[in-house]
Structure formats: structure tokens, C-alpha cells
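Read off the chains here:
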Amino acid sequence: MSFNNSHARAEINSDVTDINHQFEKVELIVPTTGKLFFEHKGELIFCKPHLMPLKSQALERLEEMQRDTARQLMEKRLKTLSKSKSLKTSQ
């Protein structure tokens, strides 16, 4: 298979003139030796969107432990307050 450099340059130049109507002129440098190839890349394929939790399970467990501890502390404080009030009223 023979490769004709002048034919490739003519094609590239015609493509460049089409592009020049839309954009500013860009001068292409075509190599005189080596191989030219074109790689076709397919369209990007996206998967379905997944719902992500705003909080991780570990964070939810930690917050639940903190709420339980705060509730227990509040209950102890209420018990001590009610015991101290009952002692003051009995005296």
C-alpha cells in the first residue's frame, strides 16, 4: 500500500479552509515521514445515576450514640435535681 503525501496534504488543506470560516487560521505541519493514523473514539457511556446517602452509616451510628448519651445524661441530671428538691422539702 503506497501513501501519497501530496494527496493527504490536499485533503488536510481543504479541511483547514472549511474550519477557517469558523475559527482563526491555524497552520498545520504535516510530517513528511512516518505513519499517519486515525483513532476513532466512541461516545462516552454513562451509567444510571445512583442515589448516594448524605451521611454514612458510621456517622449515623455515631450521632445515635451521642443522642443516647445526651439523653442518659439529662435523665441523670433530672433525677439528681428531683432528689435534691425532695431532700430540701423534707427538711
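Quick note: structure is the one above.
Definitions and cut-offs
- Residues numbered from 1 in each chain as written.
- Predicted model: local features only at pLDDT ≥ 70, side-chain atom pairs only at ≥ 80, totals over all residues.
- Heavy atoms only, no water.
- Helix = DSSP H or I, 4+ residues; strand = E, 2+ residues; numbered from the N terminus.
- Buried < 20%, exposed > 50% of the residue type's maximum accessible area, 1.4 Å probe, protein only.
- Areas by Shrake-Rupley, 256 points an atom, 1.4 Å probe, with all protein chains shown as cover.
- Salt bridge = Lys/Arg side-chain N within 4 Å of Asp/Glu carboxyl O.
- Patch = residues over 30% accessible without salt bridge, like charges linked within 9 Å, V, L, I, M, F, W, Y side chains within 5 Å.

> Which residues make up the overall build of the protein chain, and what values do they have?
Scanning the protein chain from terminus to terminus reveals two helices and zero strands. In the protein chain, which comprises 91 residues, the share counted as buried stands at 3%. Put simply, the protein chain shows about 9,800 Å² of open surface, and 59% of that area lies on carbon and sulfur atoms.

> Lay out the pattern of salt bridges in plain terms, naming residues and giving numbers.
A complete count under the given rule lists three salt bridges for this structure. Notably, a salt bridge pairs R71 with D68, separated by 3.7 Å at the nearest N-O pair. With R71 and D68 both in helix α2 (residues 57-90), this residue pair falls three residues apart, about one helical turn. Note that E75 and R71 form a salt bridge whose closest N and O atoms lie 3.4 Å from each other. With a gap of four residues between them, E75 and R71 both fall in helix α2, about one helical turn apart. For E75, a relative accessible area of 39% gives the class partly exposed. Residues joined in a network through salt bridges with shared partners are D68, R71 and E75.

> Describe a nonpolar patch on the surface, naming the residues involved and giving the relevant values.
Taken together, L59, L62 and M65 make up a surface patch of nonpolar side chains, about 280 Å² in accessible area. Turning to its location among the elements, L59 is positioned in helix α2.

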